[in-house]
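Structure at a glance
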Number of protein chains: 2
Amino acid sequence: MKILIIEDEPELRKSMKQYLHQEGYVIESASDYSKALEKIEVYDYDCILVDINLPQGNGLDIIKHLKQNHSKAGIIIISAKNSSDDKILGLDLGADDYLAKPFNLAELNSRIKALIRRRNFDGNKLIEINEITIIPEERAVKVHNIPVNLTAKEYDLLLFFISNKNRVVSKNSIAEHLWGDDSDQIDSHDFIYVHLRNLRKKLAEKGCVDYVQTIYGIGYNFKISV
Amino acid sequence: MKILIIEDEPELRKSMKQYLHQEGYVIESASDYSKALEKIEVYDYDCILVDINLPQGNGLDIIKHLKQNHSKAGIIIISAKNSSDDKILGLDLGADDYLAKPFNLAELNSRIKALIRRRNFDGNKLIEINEITIIPEERAVKVHNIPVNLTAKEYDLLLFFISNKNRVVSKNSIAEHLWGDDSDQIDSHDFIYVHLRNLRKKLAEKGCVDYVQTIYGIGYNFKISV
DNA sequence: TCTTCTATGATTAGAATTTTCATCAAGTAA
DNA sequence: TTACTTGATGAAAATTCTAATCATAGAAGA
């Protein structure tokens, strides 16, 4: 899960980054709208947090821009307490949620989670990428519409790859996501090889292309163009 | 893990309770010191959060009281921004940490976690309860000084019982702790029976008393007087 | 108080999954 | 090339979970 934070206050930006990173998201940030637009042009984000009351420029334009370009990113507006007009305008433009400052980080996190859940489950009940179809509600996976029987770890691994598609993920970040906080205490992450192998095998059996590119010494890249 | 919150502001108290409960702690609260003292007399807490600047009474006395009675509870002082004197006095009296208002709940949570970790790992490297010895660093358990070979789930289960000793824990709360947030989506928690049985068996093999009392229809109680 | 019923807990065996281990293959740098 | 590191593979071991069966506590009713 990749998140873009657009926020000018350095303190707040930093603590948001830190907290959300720790929660397992991949975080990038921009301190103003022009930098944000640059990033949006280049990368895909799953969720964008926009502070809508920055001094230099209009955050609504970002939302407009995203919607015009049919971005799939979820948008959460962060607004100062007093200014509710822009907030409403933003929601009208298609933002998904808003959060008034000051907020606590756990609250932010649960909003993000809720948003991601909504996007994954309600909006489009299916995640479809070429021949792969994922039905998150059932934790089920199909290739060429043939069911593939994945174990929990294999499913988690696939979902992690897909939510980081076209991005290089390290073995460490895989371990963090699939085994949680204590994974750094573990010396060897060899079992990733095993689960990856089993995943590749099961997908290949149903005629799926091997999208998982091994990047020697670095990690893996689930390379796909939808 | 049982936590006592001593805080007079109803709003803050409520949100602390709610958040920490959601994080899996058992929470009790008191709105003033006399009520707090009553609770302290009756129950054992793992951690006590004391707002040290309440209007009626002196929070330092609570800390003194706890220390004089050799309470094992960790103490975190919550203090208003301005008053640092009492904070320092409190730390001198043996409080473990402090947190200035306003704080965010995630921060509070991480302080509590850190405190519990310190208590469990650094201070006394061993947890000793009658014939059971736990070496958390190694996730190792001994009974009558004989090593017991527990699996991860069995160890977690034992630790959960011990950190809630003399307290009734429901099957649901066990599931929440051992399997995390998604456990409520699971219909049956039958595997707890299995893990509990294996744990009991392994402990009994080494001559350990069965401290785990089954409370029909409710849960279990790890009953022990140290 | 004594059955009978029902819900909950215990037990066991076995299936499925996860992890470990040993070995082989391939990439990288000297 | 050679040495070294990283990744892949297969088989076996360990752990976790499922499912079927048995046992017991508590409730309901005679």
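Our subject is the structure that appears above.
All residue numbers refer to position in the chain's written sequence, counted from 1. Labels follow written order: the first chain is A, the first ligand is 1, and so on. Residues qualify for local features only when their pLDDT is at least 70, as the model is predicted, and side-chain atom pairs are given and counted only at 80 or more; totals for whole chains, interfaces and linings, by contrast, use all residues. The basis for every side-chain value is the complete set of non-hydrogen atoms in the structure, without hydrogens or water.

**Brief notes about the packing of helix α2 (residues 33-42) of chain B against helix α3 (residues 59-68) of chain B**
How two helices pack is summed up by the angle between their axes together with the distance between the axes. Residue and element names in this part refer to chain B. Under the convention used in this document: In this analysis, axes come from line fits to C-alpha atoms, helices being fitted only over the stretch in contact, and the angle between any two N-to-C directions falls in the range 0 to 180 degrees. Each helix corresponds to a stretch of at least 4 residues labelled H or I by DSSP, and each strand to a stretch of at least 2 residues labelled E; elements are numbered beginning at the N terminus. Any angle that is under 35 degrees is reported as roughly parallel, and any over 145 degrees as roughly antiparallel; angles of 65 to 115 degrees are reported as roughly perpendicular and all others as oblique. The hand of a helix crossing depends on one turn: near helix anticlockwise from the far one by less than a right angle means left-handed, and clockwise means right-handed. Contacts are residue-level and defined by heavy atoms, with any inter-residue pair within 4.5 Å sufficient. Note on residue categories: nonpolar means Ala, Val, Leu, Ile, Met, Phe, Trp, Tyr, Cys or Pro, charged means Asp, Glu, Lys or Arg, and polar means any other residue, Gly included.
In contact at an axis separation of 10 Å, α2 and α3 are set at 15 degrees when each is read in the N-to-C sense. Taken together, the axis directions place α2 and α3 in an arrangement best described as roughly parallel. You can see that α2 and α3 cross each other, and the crossing is right-handed. Contacts between α2 and α3 involve Tyr 33, Ala 36, Leu 37, Ile 40 and Glu 41 from the former and Gly 59, Ile 62, His 65 and Leu 66 from the latter. Looking at the contact of α2 with α3, its residues break down into 6 nonpolar, 2 polar and 1 charged.

**What to know about the protein's contact with DNA strand D**
We count it as follows: Any residue with a heavy atom positioned within 4 Å of a molecule or strand is treated as near that molecule or strand. Any N or O atom pair separated by 3.5 Å or less is treated as a polar contact, with the protein-specific requirement of one donor-capable and one acceptor-capable atom, and with residues adjacent in sequence counted only for side-chain atom pairs.
Among the 17 residues in the neighbourhood of DNA strand D, the closest are listed as Tyr193(A), Arg197(A), Tyr216(A), Tyr220(A) and Thr151(B). Across the atoms of DNA strand D situated within 4 Å of the protein, the share located in sugar and phosphate is 75%. Arg200(A) is positioned with one of its side-chain polar atoms (N or O) 3.0 Å from a phosphate oxygen of DNA strand D. In the environment of DNA strand D, a phosphate oxygen lies 3.2 Å from a nitrogen or oxygen atom belonging to the side chain of His195(B). Elements supplying a minimum of two residues to the surface near DNA strand D: α8 (190-205) of chain A together with α6 (152-163) and α8 (191-205) of chain B. It is α8(A) that contributes the most residues to the surface near DNA strand D, 4 residues altogether. Classifying every residue of the surface near DNA strand D gives 9 nonpolar, 4 polar and 4 charged.

**Digging into the protein's contact with DNA strand C**
If you check the shell around DNA strand C, you find 17 residues, and the closest are Thr151(A), Arg197(B), Arg200(B), Tyr216(B) and Tyr220(B). Here the atoms of DNA strand C within 4 Å of the protein split so that 75% fall in sugar or phosphate, with bases taking the remainder. Between DNA strand C and Gly217(B) there is a distance of 3.3 Å, counted from a phosphate oxygen to a backbone nitrogen or oxygen. Within the side chain of Tyr220(B), an N or O atom sits 2.7 Å from a phosphate oxygen of DNA strand C. Sorting the residues of the surface near DNA strand C by element identifies α6 (152-163) and α8 of chain A together with α8 of chain B as the ones contributing at least two each. The element contributing the most residues to the surface near DNA strand C is α8(B), with 4 residues. Classifying every residue of the surface near DNA strand C by side-chain character gives 9 nonpolar, 4 polar and 4 charged.

**Section: the packing of aromatic side chains**
Heads up, the condition is: Only the six-membered ring of Trp is used, alongside the rings of Phe and Tyr, when aromatic pairs are assigned; centres must lie within 6.5 Å, and planes under 30 degrees apart are stacked while those over 60 apart are edge-to-face, with the rest tilted. Burial status follows relative accessibility: with a 1.4 Å probe on protein chains alone, a residue under 20% of its type maximum counts as buried, one over 50% as exposed, and anything between as partly exposed.
Tallied over the entire structure, the rule returns 6 aromatic pairs over all chains. Between Phe161(A) and Tyr220(A), the ring centres sit 6.3 Å apart and the planes meet at 75 degrees, which makes this aromatic pair edge-to-face. Remark: Tyr220(A) occurs in strand β12 (residues 219-222) and Phe161(A) occurs in helix α6; sequence separation between them is 59 residues. Each of the two residues, Phe161(A) as well as Tyr220(A), counts as buried. Centre to centre, the rings of Phe161(B) and Phe222(B) are 6.2 Å apart; their planes meet at 20 degrees, and the pair counts as stacked. Of this pair, Phe161(B) sits in helix α6 while Phe222(B) sits in strand β12 (residues 219-222); the two residues are 61 residues apart in sequence, bridging distant segments of the chain. For Phe161(B), a relative accessible area of 2% gives the class buried. Taken together, the ring pairs in this structure connect Phe161(A), Tyr211(A), Tyr220(A) and Phe222(A) into an aromatic cluster.

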